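# Analysis of the macromolecular model
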There are 2 protein chains.
Amino acid sequence: MPGMLHAKYVRSTVAHAIVRHVDAARALALPGVEAVFTFADIPRNLYATAGHPHSLQEAKRDKADRLLLTDHVRFFGDTVAVVVARNELIAAKAADLVVVEYAPLPVLLDKDACLAPDAQAIHPDGNLLGQGLFAEGGDLEEALASSDACLSGEFKTPVVQHCHMETVVSYAYMDDMDKITIVSSTQVPHIARRVAAQALGLPWSRVRVVKPCVGGGFGNKQDVLEEPMVAFLTWKLKGVPVRLALTREECFIGSRTRHRFDVKGRLGVNRDGKVTAVGLQTFVNSGGYASHGHVLTMAAARKTSYLLPHVAYRYEGNTYYSNLPAGGAMRGYGTPQSTYVVDCLLEEAARAIDMDPVELRIRNVCRPGDKNILSKVEMKSAGMVECLERGREVFDWENRRKACLNQTGPVRRGVGVGVFSYSSNIFPISVEISSVRLALTQDGMVVLQHGAPEVGQGSDTAFAQLVAEVVGIPFARVQVVSTLDTDVCPFDTGAYGSRQGFVIGPAIMEAGRNLKGKIVDFAAKLRGLPPMSLDLVDGNVVFSAQPEKAVCSLFDVGMHSHYEEKMGGQLTAEASSKTWINPGSFGCTFVDLDVDIPLCKVRIHEIVNLHECGRIINPKLAEGQVFGGMHMAIGWSLYEEMYFDPKTGAPLNNNLTDYKFPTAMDMPPLRCEFIDAKDPYSAFGNKGLGEPPTIPQAPAIRNAIWLATGVKINELPMTPQILYRHFKAAGLI
Amino acid sequence: MPGMLHAKYVRSTVAHAIVRHVDAARALALPGVEAVFTFADIPRNLYATAGHPHSLQEAKRDKADRLLLTDHVRFFGDTVAVVVARNELIAAKAADLVVVEYAPLPVLLDKDACLAPDAQAIHPDGNLLGQGLFAEGGDLEEALASSDACLSGEFKTPVVQHCHMETVVSYAYMDDMDKITIVSSTQVPHIARRVAAQALGLPWSRVRVVKPCVGGGFGNKQDVLEEPMVAFLTWKLKGVPVRLALTREECFIGSRTRHRFDVKGRLGVNRDGKVTAVGLQTFVNSGGYASHGHVLTMAAARKTSYLLPHVAYRYEGNTYYSNLPAGGAMRGYGTPQSTYVVDCLLEEAARAIDMDPVELRIRNVCRPGDKNILSKVEMKSAGMVECLERGREVFDWENRRKACLNQTGPVRRGVGVGVFSYSSNIFPISVEISSVRLALTQDGMVVLQHGAPEVGQGSDTAFAQLVAEVVGIPFARVQVVSTLDTDVCPFDTGAYGSRQGFVIGPAIMEAGRNLKGKIVDFAAKLRGLPPMSLDLVDGNVVFSAQPEKAVCSLFDVGMHSHYEEKMGGQLTAEASSKTWINPGSFGCTFVDLDVDIPLCKVRIHEIVNLHECGRIINPKLAEGQVFGGMHMAIGWSLYEEMYFDPKTGAPLNNNLTDYKFPTAMDMPPLRCEFIDAKDPYSAFGNKGLGEPPTIPQAPAIRNAIWLATGVKINELPMTPQILYRHFKAAGLI
């Protein structure tokens, strides 16, 4: 924008300290520097960054534990000050010139250090951010004790980053009505608006968020990251546009990561293959701030709670602050971590009773009519068994598995399976609301406005298909307004929780039916025909009994509704709907791989995902979603981890050279299949698919490595370094 | 925008010619020049620029007589080619380097030259663009013949320009869906969208127009000026943003002007003061293109047709092409010209029968219950008489007039009066449609979206007041979305015809009542109360019988409707309404001035406008509107005229140095009063006020000069040069 200024943070060079003094004199003296703000300049409104809808219940709101800038730095890279300058280079140079004096505090990185009784408090209320319990289906200890076998293990998962292509970027300006407009690459425009206003202590309507059709987020942009800061800066600078774009290096530490989980898992099984009990005790490292923290810890149980409906179930979630960068939402939202543990233990159970692992899973997973173990809501669709049966067949599971038994030699083959359940939205954690407006244009197009961000997942295309279907027009006649603007777009809370297709369904259904009715009524009036005899089919109003002959084209309806002098008007329809049902989405992964024992290297030959997520609206987009998720999961399973200096907490690989993100060249052949289904709770039969593809690969790969080598590895990522340690311990090398 | 290119026209240096050859080689060789387009490169879709709504009737559509560029130049400055370059300076330099070879044609500037039988045709169908007749109330000739006195005269009015502060500017880009977005300072975004699409031969929905809250137009931007060109350029250049901003010099000739009228007028009067007949024969100079041309010529009759309902009336409108810049819409739309003639003749009638001029007008103007002489629709409100009576009183007319009789000496005083009628929209010339969407935000604000451009007239403020009134909330709780976007804003045809307040009224009323109902219903459900007992008053839901006590605040309704988990949804309401009634708006001007005969100079002491335009929504804004209109009218009456070389047609004063636009320093004290009224046809009682303030000054001033000096001047502007000629002829100097 004309006159735009650029902001750059002064980030802490220590992981835990009190800021004694900030000297910005040299920075301010640099030509081109417009301002430097520190902790002393900011509003004292604690706010939460997690991108959840506001709740009317205080207890359900996210932990408000941060300010725009801090004088208590809680991770290496925490934001101490911010410089505003004429361009990014000057801003960066000036940020380097700001001198910060620290009073160091002990650096706490892992659960034992953070949760020690005498640990230095990272936040005033101490380091235990949250503790929660789900206990259903009977007493866990009793069930375990009376089972034929009890399996247990300790598991840990790494801190990884989303690595969306577009880094975190936003800018803001204030107009002559003192309204602050934030333009941001966010997954949650309406939430970003609210949180920015809360951070500044302004009425929510003073802030407007515009989200252009750009994206990449994978959950990272479900946090309200820099929107409050750019809003603050333009507010302080009387409306001058200010832009803040994080570098890749900053993104790794200054946005959000996937939480590290430490899990103790136990699972009971009887000789007949019945899994009797599942117990998980999780310790989740939230980093320096709460963000999605404890909500995610408990969601990791909720979202997996469809899978095994007939067990004694106990989930204890513990979430703690540490001096790592803050964890946040990332595709799967804790579920890859919890599923990993359950699936590994299912594999152990199969071994313990010498049952085929697929068979064991088939015997225990949910079926239609079962109830979710936590919510007690009946599952109308639940194609978990079909996924496994179809996978067993297309993967030729039994023969492949047989070929893996009793191998010797340096390179050995393994196959593995992993299963999961997920949800189709985030009810009852938060309200689920979605709204839609449809308008017929003069030339007979239907414009779809909604508030559900397209961030690359293809939702706008799928929504257009649904509109076309309900209204009765060709797909090409739907135009979607992809740029969201909180002032004008119908209200929706955002892109997360694999919710959009499910939650927008009823709104599209209602608005679409209404618009269709209005179009047919108008055409009837225009042609002097009884409306009840007419229908809208493939873009033409027709006699219901004679659908092949157009009575009135959509073009004619558009032209006449707008331009007839005494009848009509613009034909529009709007609907806003809330959802309070949350069906499970299911699937599994089958993997076939080689382990090169001397090289400690895993090579996947083939990996296939099978999903039952209700009706597939757009098979190509769904497949793309699954392949992307599989790629992400393979990275988490085998390659990716953020490393930190264990003493100082300094990040060691916060860049795409040292952080081993797999490229397309690293990918094995990916396959996916969908089980044909329609969920009766869903307006269009569809369920959640955004996140599920990322969940079941890690245990499948772990189980295949176990089968190939006889070595059980209970930590991720299974890099050559980790494999070396385990193979060495097992005497394989 | 990043990468934006800048366009500059190559304008003809002759007023009438065929383009033989365009040589762009030197321009294309200039570094920074990206492209040059000529007539050879453009789509051959004739289009009309007049900003009228599309009509379903072919006959009602505007004359499509132009292309994006021309090989037949029709005025000095016509657009032969367009250069696109990296910046405006390079573009301007390159435009100068384009060599155009012309085959000259005769330059035709005035009506006699243009309408001569053997005149060179400026357009294929000849130079008579249109001819129309209204004849009502009996035979004109008969009525004149049987009147006691018959007054007649020939009148002419000048070509002037709107001189809005912001010149004509727009830019366009094409996105990856091949949709062309035009950002433009236009009064008619939806019309600009349609016309740009027509010019390019594209479906209308391929084009989107965004109108930021900027403005100044006075009718000039009711033409679709440069929107088609910027759309064409980005289309040709594969989406690169291209901007085109006219300089002030270009604006004068390359946008639109107020039409020159030549009028022969006749008026019959009886000794008792009854005006019996009014006949006007107008010749309207449309310049090189039709634009609003003949529609305006005939509208000049329609809009004045409320004033004298009991006469034999004959209006013959003739519109012709010439080699002047094209005339277009300008505040008053032909009515200042036609009213000028009628008012001058009313003055002559008063003199002829020796009756006070105010008294004569009072006896003849319309009263409630009269019917519009053309439409035959009954006037429910018509405060013309009250305006004159109140004006006579506050102006102390009789005493002031007495003081002007029998003067001698070099400086003499005069008083004058002028009356007018106008309309409140443009029905039945075009469809009248307006639409509104209201949405309640989480924090209890009501967002108003509409499609009626705010271009400085204050409409957004007035609309917000109406919304507040209907919904039952404080004004400060209404937020208006002022930036219009044809993809998302409710459909409305634009800012023109003094229509917005009247035409949007029913839509605001309907949407407002619906939203209010939804708010009350939701609050009733939330509080468990019967909805019929509740009302929304001053931003709180209350018991109707106990309005001082809040049952539920708007904030609570907003929060709960959005965030209750199982009830509510976003509360919105939308309405689109058509209007097919068009009440008259009335008023008059009283002026008191000195004429310095030796200096040939007029000095206005005081000028007062009185208006009856129904209910005044916002007195301050209404007053501002009137003062602005008076200023514009004084310029037209006394100072402004565009001069052209009579041989070549070259503009002689197309800049703000040589064109004598009056400044604030040139203004006399301005006063205005409004007659209290409410029109029953109007949703809120209001009628048109945008244009009326510009209409009645010229005759009032002319009549005052006549009274002061005894010299009748039938041409505008009454500059010292013109006065010198008349005073000399009259022997005064």
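The rules behind the values
Residues numbered from 1 in each chain as written. Chains lettered and ligands numbered in written order. Predicted model: local features only at pLDDT ≥ 70, side-chain atom pairs only at ≥ 80, totals over all residues. Heavy atoms only, no water. Phe/Tyr/Trp six-rings, centres within 6.5 Å; stacked < 30°, edge-to-face > 60°. Helix = DSSP H or I, 4+ residues; strand = E, 2+ residues; numbered from the N terminus. Buried < 20%, exposed > 50% of the residue type's maximum accessible area, 1.4 Å probe, protein only. Lys NZ or Arg CZ within 6 Å of the ring centre and 35° of its normal. pLDDT = per-residue confidence, 0-100. Least-squares fit on C-alpha atoms with pLDDT ≥ 70 in both. Contact = heavy atoms within 4.5 Å.

So, on to the packing of aromatic side chains. Under the criterion given, the structure shown has 22 aromatic pairs over all chains. Pairing phenylalanine 75 of chain A with tyrosine 289 of chain A gives two aromatic rings, centres 6.3 Å apart and planes at 90°, and the pair type is edge-to-face. Of the two residues, phenylalanine 75 of chain A sits in the loop between β4 (72–73) and β5 (79–85) while tyrosine 289 of chain A sits in the loop between β14 (275–287) and α8 (293–302), which places them 214 residues apart along the sequence. Taken as a pair, phenylalanine 75 of chain A and tyrosine 289 of chain A share a single burial class, namely buried. With a centroid separation of 6.4 Å and 35° between ring planes, the pair formed by phenylalanine 395 of chain B and tryptophan 397 of chain B is classed as tilted. Exposure remark for tryptophan 397 of chain B: the relative accessible area of 0% places this residue in the buried category. Through pairs of rings, three or more aromatic residues link up here, namely Phe155, Tyr340 and Trp636 of chain A. The ring of tryptophan 706 of chain B has arginine 351 of chain B sitting right over it, with the charged end atom 3.9 Å from the ring centre. Here the guanidinium or amino end of arginine 400 of chain B rests over the ring plane of phenylalanine 395 of chain B, the centre of that ring lying 4.1 Å away.

Turning our attention to the confidence of the model for chain A. Scored by pLDDT, chain A comes out at a mean of 97, with 100% of its residues at no less than 70. Taken together, the chains of this predicted complex give a pTM of 0.96 and an interface ipTM of 0.96.

Another aspect to go through is the relation of the copies chain B and chain A. Take chain B, turn it by 180°, move it 0.0 Å along the axis, and it overlays chain A with an RMSD of 0.0 Å. Interpreted geometrically, this transformation is the action of a two-fold axis. Mapped onto chain A, 100% of the interface residues of chain B are again interface residues, and the two copies thus contact each other with one and the same surface.

All right, on to helix α6 (residues 227–236) of chain A then. Residues and elements named next belong to chain A. By the criterion of burial, α6 is predominantly enclosed, with 8 of the 10 residues buried. Looking only at α6, the buried set comprises Glu227, Pro228, Met229, Val230, Ala231, Phe232, Leu233 and Thr234. Positioned one or two residues after α6, lysine 238 has a phi angle of 60°, which is positive.

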